Amino acid sequence: MTQSEAKNTDKILAGEYVLGLLSIEENTQFEARLETEPHLRRYCADWLEDFVTLTDDIGEVAPPAGFYAGLEKRLFDTQQAPELAAKSGSLIRFVLGAVVAMGICVLILVAL
Amino acid sequence: MAKTEELERLLTQVAAGDRDAFGDLYALTSGKLFGVCLRILASRPKAQAALWSTFVEIWQDAKSVPTSGLRPMTWMIHVAHQKSMQRLRLDLADVSPEMLADEAQTKGEWPEDLVLKPSEYGQLIKCMEVLPWERSAVFRLAFVEGETYPDLAAHFDLPVDTMRTWVRQDLQILSECLER
């Protein structure tokens, strides 16, 4: 295959990728190449700018009212919350454990 | 009014972790992106799940827009398109209750110039006119409706290999017409 034929094959492949026509396996292989081959990213960007015009006549549909609140909660509230909760949980367990241990020591000392 | 420059500015702010900018970007683009997801998936719960993944990726990956070589709205539609196609392929049904919370529809206000105008970027449409009608329809069915080669082959009552040949030949014609 000459260089220009290879270039052409890549352009067509990029078109099939952008159209969503590659199989899952072909898609994975192509995405691995995208990481290291900038010319493929350029071909995809070109096709995308063209094919995206096919969505021009798709009208807007408002997502459900509570959708953004849920998204905000997932992205902004819960990012650190579970970690903090886990940490504070273990801190509470540590403090309680220490108090109980001290209590036992006091009881032993009193008994002596 | 959401012009490309405004979306660029918002995406730059989102990339820097600006939550208010993310809210503004959502208000300006979620209707169009949900429309795209719905068209591909034809199911509200699945389209909501795809939209959810789309905005998670927008929040996490906005920094990659400048190097993608894409205009902001194209990049966001691309993300919505990919998330919808992944869901369509894998037919995931794991929609969390919070995604389904509040099915009530609200009608937002949408700037008229948000959607890309065919008159400005109509080169592809012009080039597609040189193809026989049914062959130009293939691109719409694939990109907008999410049809795969086997779907397209069934649609046109052709063997899958013939379908693949059609698409490759026509991509070649389009590529030449678009002068690449």
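The rules behind these values
Residues numbered from 1 in each chain as written. Chains lettered and ligands numbered in written order. Predicted model: local features only at pLDDT ≥ 70, side-chain atom pairs only at ≥ 80, totals over all residues. Heavy atoms only, no water. Helix = DSSP H or I, 4+ residues; strand = E, 2+ residues; numbered from the N terminus. Buried < 20%, exposed > 50% of the residue type's maximum accessible area, 1.4 Å probe, protein only. Contact = heavy atoms within 4.5 Å. Areas by Shrake-Rupley, 256 points an atom, 1.4 Å probe, with all protein chains shown as cover. Core = buried A, V, L, I, M, F, W, Y, C linked by side-chain atoms within 4.5 Å. Salt bridge = Lys/Arg side-chain N within 4 Å of Asp/Glu carboxyl O. Disulfide = S-S within 2.5 Å. 1 Å grid on protein atoms, 1.4 Å probe; cavity = no way out; pocket = protein on both sides within 12 Å on 5 of 7 lines; lining within 4 Å. Points joined across faces, edges and corners; volume = space filled by probe spheres on them. pLDDT = per-residue confidence, 0-100. Phe/Tyr/Trp six-rings, centres within 6.5 Å; stacked < 30°, edge-to-face > 60°.

## Concerning the overall build of chain B
Moving on, step 1. Counting its regular elements, chain B contains ten helices and zero strands.
Moving on, step 2. Secondary structure of chain B in N-to-C order comes out as α-α-α-α-α-α-α-α-α-α.
Moving on, step 3. Taking all 180 residues of chain B together, 49% fall into the buried category.
Moving on, step 4. The contacts in chain B between residues at least 6 apart in sequence include a share of 65% that link residues at least 24 apart.
Moving on, step 5. Accessible surface, chain B: about 8,700 Å² in total, of which carbon and sulfur atoms supply 53%.

## Regarding the nonpolar core
Moving on, step 1. Formed by 78 residues in total, the largest nonpolar core has its most connected members in F51(A) and F22(B).
Moving on, step 2. Top element by residues in this core is helix α2 (residues 19-41) of chain B. It accounts for twelve residues.
Moving on, step 3. Those residues in contact with F22(B), other than ones at most four positions away along the chain, are Y68(A), L71(A), L75(A), F76(A), V14(B), F55(B), I58(B) and W59(B).

## Quick word on the pattern of salt bridges
Residues and elements named next belong to chain B.
Moving on, step 1. Scanning the model with the defined rule gives eleven salt bridges over all chains in all.
Moving on, step 2. Between R135 and D170 there is a salt bridge, and its shortest N-O distance comes to 2.9 Å. Pair noted here: R135 is in helix α8 (residues 133-143) and D170 is in helix α10 (residues 160-177), with a separation of 35 residues, a long-range link.
Moving on, step 3. Relative accessible area serves as the criterion here: at 14%, R135 is assigned to the buried category.
Moving on, step 4. According to the relative accessible area criterion, D170 is buried, its value standing at 3%.

## Things to note about the state of the cysteines
Moving on, step 1. Under the defined criterion, the tally for this structure stands at one disulfide over all chains.
Moving on, step 2. Covalently, C127(B) is tied to C177(B) through a disulfide, its sulfur atoms 2.0 Å apart. On the sign convention where negative means left-handed, the S-S torsion of about -80° between C127(B) and C177(B) marks this disulfide as left-handed. Taken together, the positions of C127(B) in helix α7 (residues 123-128) and C177(B) in helix α10 put the pair 50 residues apart, joining distant regions of the chain.
Moving on, step 3. With no disulfide of its own, C37(B) lies 20 Å from the sulfur of C44(A), the closest cysteine sulfur.
Moving on, step 4. Residue class for C37(B) comes out buried when judged on its relative accessible area of 0%.

## Digging into the layout of surface pockets
Moving on, step 1. Estimates place the volume of the largest pocket at around 570 Å³.
Moving on, step 2. Taken together, 23 residues make up the lining of the largest pocket; nearest its centre are L34(A), R41(A), S68(B), W75(B) and H78(B).
Moving on, step 3. Counting only elements with at least two residues in the lining of the largest pocket, the list comes to α2 (24-36) and α3 (38-51) of chain A together with α3 (44-61), α4 (65-68) and α5 (72-90) of chain B.
Moving on, step 4. By volume, the second largest pocket amounts to about 320 Å³.
Moving on, step 5. Every residue lining the second largest pocket is counted, 15 residues in all, and those nearest its centre are N27(A), E31(A), M85(B), Q86(B) and R89(B).
Moving on, step 6. Elements with a minimum of two residues in the lining of the second largest pocket: α1 (3-19) and α2 of chain A together with α5 of chain B.

## What to know about the confidence of the model for chain A
Moving on, step 1. Summing up the model confidence of chain A, the mean pLDDT is 80 and the portion of residues at 70 or higher is 69%.
Moving on, step 2. Across residues 81-89 of chain A, confidence stays below pLDDT 50; counting only partners more than four residues off in sequence or on other chains, it has zero contacts.

## Side note on the packing of aromatic side chains
Moving on, step 1. Across all of its chains, the model carries 14 aromatic pairs over all chains by this definition.
Moving on, step 2. Judged by centre distance (5.4 Å) and plane angle (10°), the rings of W47(A) and F51(A) are stacked. One end of the pair is W47(A) and the other is F51(A), both in helix α3 and four residues apart, which spans about a single turn. For the pair W47(A) and F51(A), a shared accessibility class is recorded, and that class is buried.
Moving on, step 3. Summarising the aromatic geometry, the rings of F76(A) and W59(B) are spaced 4.8 Å apart at their centres and angled 70° between planes, so their arrangement reads as edge-to-face.

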